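Residues per chain, in single letters:
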Amino acid sequence: MMEQDEALQLAAGVLAHSQRDDEPPLAIDAKRVRESNGLLIVPYNSVQYLASRDAREQLLDCWPILVDLALGDVRFGTLDERHLWRSPST
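Q: Tell me about unusual backbone geometry, residues and numbers included.
A: Here the phi dihedral of Asn37 falls at roughly 50 degrees; this positive angle occurs in a residue that is not glycine. Considering the arrangement of structural elements, one finds Asn37 in the loop between strand S2 (34-36) and strand S3 (39-42). At Arg53, a position not held by glycine, the phi torsion is positive, near 60 degrees. Mapped onto the elements of the fold, Arg53 is located in the loop between helix H2 (47-52) and strand S5 (65-68).

Q: Describe helix H1 (residues 4-18), with residues and values.
A: In this model H1 runs 21 Å from its N-terminal to its C-terminal C-alpha over 15 residues, within 8% of the 21 Å that 1.5 Å per residue would give. Ala7, Ala11 and Leu15 are the residues of H1 that are buried. Buried residues along H1 cover an arc of 75 degrees about the axis, so they all sit on one side. Opposite the buried face of H1, at more than 90 degrees from it, the exposed residues are Asp5, Gln9, Ala16 and His17.

Q: Account for the pattern of salt bridges, with residues named and values stated.
A: Counting across every chain of the model gives six salt bridges. Arg20 is the partner of Asp22 in a salt bridge, and the nearest nitrogen-oxygen pair spans 3.0 Å. Exposure remark for Asp22: the relative accessible area of 61% places this residue in the exposed category. The exposure class assigned to Arg20 is partly exposed, which follows from its relative accessible area of 49%. Between Arg20 and Glu23 there is a salt bridge, and its shortest N-O distance comes to 3.7 Å. One salt-bridge network, in which partners are shared between bridges, spans Arg20, Asp22 and Glu23.

So, how was this worked out
- Residues numbered from 1 in each chain as written.
- Predicted model: local features only at pLDDT ≥ 70, side-chain atom pairs only at ≥ 80, totals over all residues.
- Heavy atoms only, no water.
- Helix = DSSP H or I, 4+ residues; strand = E, 2+ residues; numbered from the N terminus.
- Expected span 1.5 Å × (residues − 1).
- Buried < 20%, exposed > 50% of the residue type's maximum accessible area, 1.4 Å probe, protein only.
- Arc of directions from axis to C-beta.
- Salt bridge = Lys/Arg side-chain N within 4 Å of Asp/Glu carboxyl O.

What follows is the structure in structure tokens.
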């Protein structure tokens, strides 16, 4: 079983590798990282939004990074998995 710190490092690497030059700088939203069903759910957003938490700065459609703690697999979440990080009422 992978430790959360190691899983966060993997997620940070995936986020850095996926970052495009035309995007604002992105960072992991450490306040909202959580574990569920053997997955570490790692949300991220723009650095500017995370510093202010001003909804006007928030990026839309940031599917979180999912880390399988048993296998070490790291990937971005999909629309079909949205229930993992959103409550049914949202």
